[in-house]
Amino acid sequence: MRGSGEMGERQKMLVLYATQTGNAQDVAERVGREAARHHFKPVVESMHLYDANELPQESVVVFVVSTTGQGEPPQSMRAFWRSLLRKSLGHRWLESTLFAVFGLGDSGYQKYNVTGKKLDRRLLDLGGQAVVPRGLGDDQHPSGFEAGLDPWLAELWVALRQHVPLSAGLEDRRPDETGILILDPPKYRVTYYDSRAPESNLAAMPERSKTDIVERWVEHGRARAMVDSAGNPFGNAREHNSNSTGYGPPSMPVFAKLLTNSRITSEDHDQDVRHIELELGSSGTRYVPGDILTLLPCQNQASIDKFVSRCGLDGDTFVTVEAANSDVCTLTQAVDVEFMSEKTVVSLRTIVEALMDVDSASPRRYFFEVMSHFAEAEHEKERLQYFSTPEGRDDLYRYNQRERRTVLEVLEDFPSVQLPFEWLLQTVPRLQQRSFSISSSPLAHPNEAHLTVAVVEWMTPFKRKRRGLCSSWLASLDPKQGKVFLPVWFTKGAISLPSPSVPLILVGPGTGCAPFRSFIQERIALSNKGEAVAPVLFFFGCRYKSKDFLYGADWSAWSKGQNVLSVEVGGDFFVAFSRDQLEKIYVQHKITEQGKKVLQMMQSGAAIYVAGSADKMPADVLSAFESVIAKETGWPQDSVSKFLRDLERKGRYVVEAWS
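Here the structure is a predicted model, which is why all the values come from computation and not from measurement.

Reading the values: rules and limits
- Residues numbered from 1 in each chain as written.
- Predicted model: local features only at pLDDT ≥ 70, side-chain atom pairs only at ≥ 80, totals over all residues.
- Heavy atoms only, no water.
- Helix = DSSP H or I, 4+ residues; strand = E, 2+ residues; numbered from the N terminus.
- Buried < 20%, exposed > 50% of the residue type's maximum accessible area, 1.4 Å probe, protein only.
- Contact = heavy atoms within 4.5 Å.
- Areas by Shrake-Rupley, 256 points an atom, 1.4 Å probe, with all protein chains shown as cover.
- Pairing = 2+ DSSP bridges.
- Axes fitted to C-alpha atoms, helices over the stretch in contact; angles between N-to-C directions.
- Right-handed = clockwise from strand over helix to strand, strands pointing away.
- 1 Å grid on protein atoms, 1.4 Å probe; cavity = no way out; pocket = protein on both sides within 12 Å on 5 of 7 lines; lining within 4 Å.
- Points joined across faces, edges and corners; volume = space filled by probe spheres on them.
- UniProt positions renumbered as here; feature names shortened; annotations may be inferred.
- Salt bridge = Lys/Arg side-chain N within 4 Å of Asp/Glu carboxyl O.
- pLDDT = per-residue confidence, 0-100.
- Core = buried A, V, L, I, M, F, W, Y, C linked by side-chain atoms within 4.5 Å.
- Phe/Tyr/Trp six-rings, centres within 6.5 Å; stacked < 30°, edge-to-face > 60°.
- Lys NZ or Arg CZ within 6 Å of the ring centre and 35° of its normal.

**Overview of the overall build of the protein**
Reasoning step 1: In terms of helices and strands, the protein carries 22 helices and 22 strands.
Reasoning step 2: Burial status across the protein gives 56% buried among its 659 residues.
Reasoning step 3: The contacts in the protein between residues at least 6 apart in sequence include a share of 79% that link residues at least 24 apart.
Reasoning step 4: By element, 50% of the accessible surface of the protein is carried by carbon and sulfur atoms, the whole surface being about 29000 Å².

**Examining the sheet that holds strand S13 (residues 434-437)**
Reasoning step 1: What the six strands build is an open sheet, ordered S13-S10-S17-S8-S9-S14; its pairing is antiparallel. Strand pairing shows two members of the sheet lacking a second neighbour, S13 and strand S14 (448-454), which therefore form its edges. The mean angle between the axes of side-by-side strands here comes to 40°, regardless of whether they run parallel or antiparallel.
Reasoning step 2: Judged from the four bridges that link them, strand S10 (residues 292-295) and S13 form a sheet pairing that is antiparallel. Within S13, the position partnered with Leu293 by the bridge is Phe436.

**A closer look at the pairing of strand S4 (residues 98-105)**
Reasoning step 1: A large share of S4 lies buried, amounting to eight of its eight residues.
Reasoning step 2: A two-sided burial pattern is seen for S4, the buried positions comprising Leu98, Ala100, Phe102 and Leu104 on one face and Phe99, Val101, Gly103 and Gly105 on the other.
Reasoning step 3: By the bridge criterion, seven bridges tie strand S3 (residues 60-66) to S4 in an arrangement that is parallel. Across the sheet, Val61 pairs through a bridge with Phe99, a residue of S4.
Reasoning step 4: Considered for its hand, the β-α-β crossover made up of S3, helix H2 (residues 75-84) and S4 is right-handed.
Reasoning step 5: Pairing of S4 with strand S5 (residues 129-130) involves two bridges; the strand directions are parallel. Across the sheet, the residue bridging to Leu98 is Gln129, located in S5.

**Topic: the sheet that holds strand S11 (residues 318-323)**
Reasoning step 1: The three strands are arranged S7-S11-S12 in an open sheet whose pairing can be described as antiparallel. Every interior strand has two partners, whereas the edge strands, strand S7 (188-192) and strand S12 (346-347), have only one.
Reasoning step 2: Here S7 runs beside S11; their pairing, made up of five bridges, is antiparallel. Note that in S11 the partner of Tyr192 across the bridge is Val319.

**Thoughts on empty space enclosed by the protein**
Reasoning step 1: Under the counting rule described, the total for this entry stands at three cavities of 30 Å³ or more.
Reasoning step 2: In this structure, the largest cavity encloses a volume near 100 Å³.
Reasoning step 3: Lining the largest cavity are 13 residues, with Arg216, Trp217, His220, Leu296 and Pro297 sitting closest to its centre.
Reasoning step 4: Of all the secondary-structure elements, those providing two or more residues to the lining of the largest cavity are helix H6 (212-231), helix H10 (348-355) and strand S17 (485-491).
Reasoning step 5: Here the lining of the largest cavity gets five residues from one element, more than from any other, and that element is H6.

**Concerning the UniProt feature "binding site: NADP(+)" (unreviewed entry) in the protein**
Reasoning step 1: The positions UniProt marks with the feature "binding site: NADP(+)" (unreviewed entry) are Thr511, Ser578, Arg579, Lys584, Ile585, Tyr586, Val587, Gln588 and Asp620.
Reasoning step 2: Taking relative accessible area as the criterion, Val587 reaches 3% and is therefore assigned buried.
Reasoning step 3: Those residues within four positions of Val587 in sequence are excluded, and the remaining contacts are Val507, Pro509, Phe539, Phe540, Gly541, Ala576 and Val621.
Reasoning step 4: In this fold, Gln588 is placed in helix H19 (residues 587-593).
Reasoning step 5: Here Gln588 falls in the buried class, since its relative accessible area comes to 13%.

**So, the pattern of salt bridges**
Reasoning step 1: In the structure shown here, the tally under the stated rule is 32 salt bridges.
Reasoning step 2: Linking Arg134 and Asp120 is a salt bridge whose minimum nitrogen-to-oxygen distance equals 3.3 Å. Taken together, the residues Arg134 in the loop between S5 and strand S6 (135-138) and Asp120 in helix H3 (residues 114-125) connect sequence positions 14 residues apart.
Reasoning step 3: With a relative accessible area of 32%, Arg134 lands in the partly exposed category.
Reasoning step 4: Looking at Asp120, the relative accessible area reads 7%, which means it is buried.
Reasoning step 5: Between Glu322 and Arg189 there is a salt bridge whose closest N-O contact spans 3.9 Å. Of this pair, Glu322 sits in strand S11 while Arg189 is found in strand S7, placing the two residues 133 residues apart along the sequence.
Reasoning step 6: Judged by relative accessible area, Arg189 falls into the partly exposed class, the value being 40%.
Reasoning step 7: It is possible to trace a salt-bridge network through shared partners that takes in Arg30, Glu34, Glu146, Asp150, Arg365, Arg393 and Asp394.

**Notes on unusual backbone geometry**
Outside of glycine, negative phi angles account for most residues, and trans bonds account for most peptide bonds.
Reasoning step 1: Despite not being glycine, Arg404 shows a phi value in the positive range, around 50°.
Reasoning step 2: Along the chain, Arg404 turns up in the loop between helix H13 (393-399) and helix H14 (407-413).
Reasoning step 3: For Arg404, a relative accessible area of 35% translates into the label partly exposed.
Reasoning step 4: With a phi angle near 60°, Lys463 is a residue other than glycine that sits in the positive phi range.
Reasoning step 5: Structurally, Lys463 is set in the loop between strand S15 (457-459) and strand S16 (465-467).
Reasoning step 6: Here Lys463 falls in the exposed class, since its relative accessible area comes to 65%.

**Let's talk about the layout of surface pockets**
Reasoning step 1: As a volume, the second largest pocket reaches approximately 960 Å³.
Reasoning step 2: Taken together, 26 residues form the lining of the second largest pocket, with Gln70, Glu72, Lys111, Glu648 and Tyr653 sitting closest to its centre.
Reasoning step 3: Of all the secondary structure elements, the ones that give two or more residues to the lining of the second largest pocket are H2, H3, helix H21 (617-633), helix H22 (637-649) and strand S22 (653-658).
Reasoning step 4: The element that contributes the greatest number of residues to the lining of the second largest pocket is H22, accounting for five residues.

**What about the confidence of the model for the protein?**
Reasoning step 1: Residue-level pLDDT values for the protein average 87, and 87% of them are 70 or greater.
Reasoning step 2: Note that residues 197-211 has pLDDT below 50 and, in this model, 18 contacts with residues that lie over four places away or in other chains.

**Here's the deal with the nonpolar core**
Reasoning step 1: If you look at the biggest cluster of nonpolar residues, it comprises 43 residues, and the most contacted ones within it are Phe307, Val321, Ile351, Met356, Met371, Phe421 and Leu424.
Reasoning step 2: Not counting chain neighbours up to four residues away, the residues in contact with Ile351 comprise Ala223, Met226, Val227, Val319, Val321, Val346, Met356, Phe421 and Leu425.

**Some points on the packing of aromatic side chains**
Reasoning step 1: Under the criterion given, the structure shown has 27 aromatic pairs.
Reasoning step 2: Summarising the aromatic geometry, the rings of Tyr287 and Phe490 are spaced 5.7 Å apart at their centres and angled 5° between planes, so their arrangement reads as stacked. Residue Tyr287 is located in the loop between strand S9 (273-279) and S10, and its partner Phe490 is located in strand S17; the two are separated by 203 residues in the primary sequence.
Reasoning step 3: Take Phe490: its relative accessible area is 19%, and that puts it in the buried class.
Reasoning step 4: Ring centres of Tyr386 and Phe387 lie 6.3 Å apart, and the angle between their planes is 35°; this geometry places the pair in the tilted category.
Reasoning step 5: Members of the aromatic cluster, joined through ring pairs, are Phe516, Phe519, Phe538, Phe540, Phe549, Tyr551, Trp555, Trp558, Phe573, Phe577 and Tyr609.
Reasoning step 6: Taking NZ or CZ as reference, Arg517 lies 4.4 Å from the ring centre of Tyr551, over its face.

In structure tokens, the structure reads:
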């Protein structure tokens, strides 16, 4: 049993998170707030900023991790995870450490919450003592991941008290008479200036570019750096000079010029898919097939104006944002370091534009809890308080997440609430980067990068039409109306093109064809230069030949002569038009139809790549390959499964899927 030391002294609790979209960070911050209420001294930090070698010195650690793609850990966890896998670490390495793991995932994916499960097992292998069984949050649950989080946290605090008794003179904070906990202090302190910044700060601003988009990026970059530094001093510099966090871009983008933005589905089709071409200029940026292009979308200015007006803000006011004193701190705040002496000053509107997703993302539950403390109308206060309780969780999920209500919509539904800017800054979801597979080869299109973008539209359960922020913004850009520049970044994707001598089996329905367009272009370009390249089998799928046969002319041309999709060289191209006949036909049906050819290619050492929607397609395609192998070889099911697992382990069966 661990004691808490002298009277009133609090036990440190380290909360480490690894996030891709911000959910894990949100949960980690909630753990930190509740830990402070239970008289722990929480330190909340991203894994990429923490040295894993220090873990044995920690008494209590809570891990919050998400699972991305088809079972990968977030970028911000990968170095930490590699460090934990070192063979030199013994089975008693963490014998003095109490730990708890909460994983976030989506049971719609094949490898549900695998990151949290693997981390929990590894910590046990290293001698750590689990305070409670690992918790798992599922986005597919009718109430979202919080259905698993709420009971897990309640169990955690009870169990921890058996190991870390409360010091004399302290007692856990209780809810007030309304059943709602007293509001914690905000983590930011905002200082307001007149409607222009002090001269000293303006003079220190970087030299402005003549290009509007560069100037805008400089302003937005300064705003992001200031706010991130306030929440995480010094960690920010490391975070924004790399793309290790998985969400939040690095500091210096490439300013790419928009050349082409054309619709490649028919006008009468219900899905608008865009072919976008970008010129990379003199940046010298290099990418390879399989890489990812990332960008931050621009928000609608009318929505920004509406948000600023609804919140009673003066967008022209200049502010500085600093860390406030709080019971919850980051690791770097806990270290005695000298903070930057010069304050950054930016306009309030710039902070809203650059950081706060006001009209796309749904707010978290903590947003409603904070709102309840500022509601003037009694009926609004009661409803917000109810939403903030475990009993109101399901109703909140139906009102908020399922309907994908935006921050702006929620604020309009509760007109008596007037949140201070400090709380808006803390609780409004961050504007997130969006990533796209590059659909061009740098050999075929030097100094260019192409994208294949589906404009996201859907209906909510209450029949409200929604559009994706980034895809809608991209679709609206018109290079014919003048020069358009986009700040973009390049990162390594989940798939990469192997040696030209390796045969390929590609499965890419819909926009899943994007990385494979890059693969095929690259191999054709190499072949045209006289290099020997292996053939490719490509399975594509769409609804109608006449409406959404993306890049149909390209696939047809590349299936002729000595090109890699040509039957003459051992390749082939197969397409499933799911709605052109009464019986629906998908890519998995085409795979089983071509079983002999597929198996021959696999036996010749082919690598298999699958890309596209994460709904049912990856599992259905895997089942098709299992059926082909079983039918053509006569192997039992366990041998077939082992064969495919071995291919996956060797990097010869790779899936890149997205929601």
